[in-house]
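# Observations on the three-dimensional arrangement
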Amino acid sequence: MAYAEFTGELDAPAGGFVPFEGELDKEPGIIDKMTGELGQLRDEFFTGVDSAVAGVKTLNAGIQMRRLQETEADAKRLEERGQSLYARQMRSEAQSLKERVPVTVGEMAEAQATSQRGAQMTTRPAVAKLNEAKTWGDAWNAFTEAPYDVIAGVTATSLPATLPGLAAAAVMGPAAGAVTLGLNSAAVEAGSSLGEFARENGVDVTNAKAVQTFFSDPKNLADAMTYAGKRAGIIGTLDAASGGIAGKTIAPVIKSTIGRQAVNLPAQMGVQAGLGAAGEAGGQIATKGRIDQPGQVLAEAVGEFGGAPIEVAAFSKDARQALRRPKVEDVLDAPDVDSAIQAATEVLALPAPGTNTGETILATEAGTAGTAGQFDMLRRQAEIREA
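Everything numeric here is computed off the predicted structure, so don't read it as measured data.

## Points about the overall build of the chain
- Within the chain one finds 15 helices and 0 strands.
- Nonlocal contacts in the chain, meaning residues at least 24 apart in sequence, comprise 68% of its contacts between residues at least 6 apart.
- Accessible surface computed for the chain: about 21,600 Å², of which carbon and sulfur atoms make up 58%.

Pasting the structure below:
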């Protein structure tokens, strides 16, 4: 195909470009804001995943270095006692650990670096301000200045550490979920606290050589393990307790499942927030003798407050039932007459028990019963109510 040669002149100013006359500072629309917020929550969630991974890998590195020190000490004692055969076995094990420790510490340092990069990129200014608050007044001001940002940011970042417990509760029941939640929380907290102890002593935890040098001193490692153990024990125990409470219903006198949860959920949010704050406050008091970072206490309360609905849904059978549509089987499987009547009213959205007679209900709702089996079931329930 042939193209004609352009011989005209471009209509452009002397400067060689056409000035832009539109508006650059256009306010983003609601869809753009929602998309941006969802992206932020996603990034915060994965930052929480990175933080949990870093905690576990730090704990693994600490345990391995402690094993190395204990094995070397055992070998030395055996040599002093003249038990050379056992001493050689201990020395062989120590050598194997020496070869693995640099790799483990390197993985830990890399995970810490990834976690720190993620936190720097995704942490909202309001959350950073809250975590850094040194007085209760500063912490409260940081929260009230941007409550949504604080609740959303802290909840999204905290959620990954609870996932094993939530999965265990959904699959194996609330007791298993509470135990798993507590153990996982303790493990992540122990690793995070080891890293925190090293940082407070001037160690760059993203530098594997610096970490290995610091923890190679038995006193440093022993002190760090004690520090981490205190925090992990307190926080893990209270997190396990929070999982156990999440499986309970704090409104047992209300017959309606939805009504019970309408009361239970706000109550649970308050209880879970209190337990989260108590865990962090207890950890600080146990390790430092006082609460020196009130912002982090409030942050823990906020994280548990925001995550409570998810925990309740996973741990409480009653809550899960409230989230799904009632079925006829709920009536047939009801443990007593009152429960059966309540389930029947929810299945067909009937008037509350006692507000109408069984015959009127059957007359007005027969068309919605669906099948002859359902209709017969409701007739039996109506006869019970008439008796």
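## Structural notes on the environment of Arg 260
- As for its placement among the helices and strands, Arg 260 is situated in helix 9 (residues 257–288).
- With 10 residues separating them in the primary sequence, Arg 260 and Ile 250 have C-alpha atoms 8.0 Å apart.

## Structural notes on the nonpolar core
- Judged by nonpolar contacts, the single largest core of 25 residues is most densely connected at Met 65, Val 105, Leu 194, Ala 198, Val 211, Phe 214 and Phe 215.
- For this core, the elements supplying multiple residues, two or more each, are helix 1 (30–80), helix 2 (84–122), helix 6 (174–200), helix 7 (208–215) and helix 8 (218–246).
- The element best represented in this core is helix 8, accounting for 6 residues.
- Those residues in contact with Ala 198 that lie beyond four places of it in its chain are Val 203, Val 205, Phe 214 and Phe 215.
- Counting residues in each nonpolar core, the second largest holds 13 residues, with Ala 126, Leu 130, Ala 146 and Leu 298 among its members.

## Points about the pattern of salt bridges
- Taken as a whole and assessed by the stated rule, the structure comprises 15 salt bridges.
- For Arg 91, the salt bridge identified is with Glu 79, shortest N-O distance 3.2 Å. Of this pair, Arg 91 sits in helix 2 while Glu 79 sits in helix 1, placing them 12 residues apart in sequence.
- When its relative accessible area of 35% is taken as the criterion, Arg 91 is described as partly exposed.

## Quick notes on the environment of Ser 92
- Mapping Ser 92 onto the fold places it in helix 2.
- Classification of Ser 92 as partly exposed rests on a relative accessible area of 48%.
- In the structure, Ser 92 is positioned 20 residues away from Glu 72 in sequence and 9.7 Å away in space, judged by C-alpha atoms.

## Comments concerning the environment of Ala 281
- Following the sequence through the fold, Ala 281 ends up in helix 9.
- By relative accessible area, Ala 281 is classed as buried at 13%.
- The spacing of Ala 281 and Arg 231 is 50 residues in sequence and 9.6 Å in space, taken between C-alpha atoms.
- Contact partners of Ala 281, with chain neighbours within four places excluded, come to Ile 291 and Val 297.

## What to know about helix 2
- Over its 39 residues, helix 2 runs 56 Å from end to end, which matches the ideal 57 Å to within 8%, given 1.5 Å per residue.
- Along helix 2, the sharpest kink reaches roughly 30 degrees, centred on Arg 100 and followed within four residues by the proline Pro 102.

## As for the packing of helix 8 against helix 10 (residues 294–315)
- Contact geometry for helix 8 and helix 10: axes closest at 9 Å, N-to-C directions at 55 degrees. When the axis of helix 8 is compared with that of helix 10, the two are oblique. Remark: the crossing between helix 8 and helix 10 carries right-handed chirality. The segment helix 8 lies against helix 10, with Asp 239, Ser 242, Gly 243 and Ala 246 engaging Glu 304, Glu 311, Val 312 and Phe 315.

Scoring rules and cut-offs
- Within every chain, residues take consecutive numbers counted from 1 along the sequence as written.
- Two thresholds apply to this predicted model, a pLDDT of at least 70 for residue-level local features and 80 or more for giving and counting side-chain atom pairs, whereas whole-chain, interface and lining totals are computed over all residues.
- Derived side-chain values reflect all non-hydrogen atoms in the structure, with water molecules and hydrogen atoms excluded from consideration.
- A run of H or I in DSSP counts as a helix once it spans at least four residues, and a run of E counts as a strand once it spans at least two, with each numbered from the N terminus.
- We call two residues contacting when some pair of their heavy atoms lies within 4.5 Å.
- For the accessible areas, the method is Shrake-Rupley and the probe is 1.4 Å, while residue cover comes only from the protein chains on display.
- Put simply, buried Ala, Val, Leu, Ile, Met, Phe, Trp, Tyr and Cys residues joined by side-chain atoms within 4.5 Å make one nonpolar core.
- Here the term buried applies to any residue with accessible area under 20% of the maximum for its type, exposed to any over 50%, and partly exposed to those in between, with areas from a 1.4 Å probe on protein chains only.
- Here, a salt bridge means any Lys or Arg side-chain nitrogen found within 4 Å of an Asp or Glu carboxyl oxygen.
- In this analysis, the expected span of each helix is defined as 1.5 Å times one less than the number of residues it contains.
- A residue's bend is given by the angle between axes fitted to the 7 residues ending at it and the 7 residues starting at it.
- Orientation is described by axes fitted as lines to C-alpha atoms, over the contacting stretch for helices, and by angles from 0 to 180 degrees between their N-to-C directions.
- Note that the term roughly parallel is reserved for angles under 35 degrees, roughly antiparallel for angles over 145, roughly perpendicular for angles of 65 to 115, and oblique for everything else.
- For any pair of crossing helices, the crossing counts as left-handed if the nearer helix is rotated counterclockwise from the farther one by less than a right angle, and right-handed if it is rotated clockwise.

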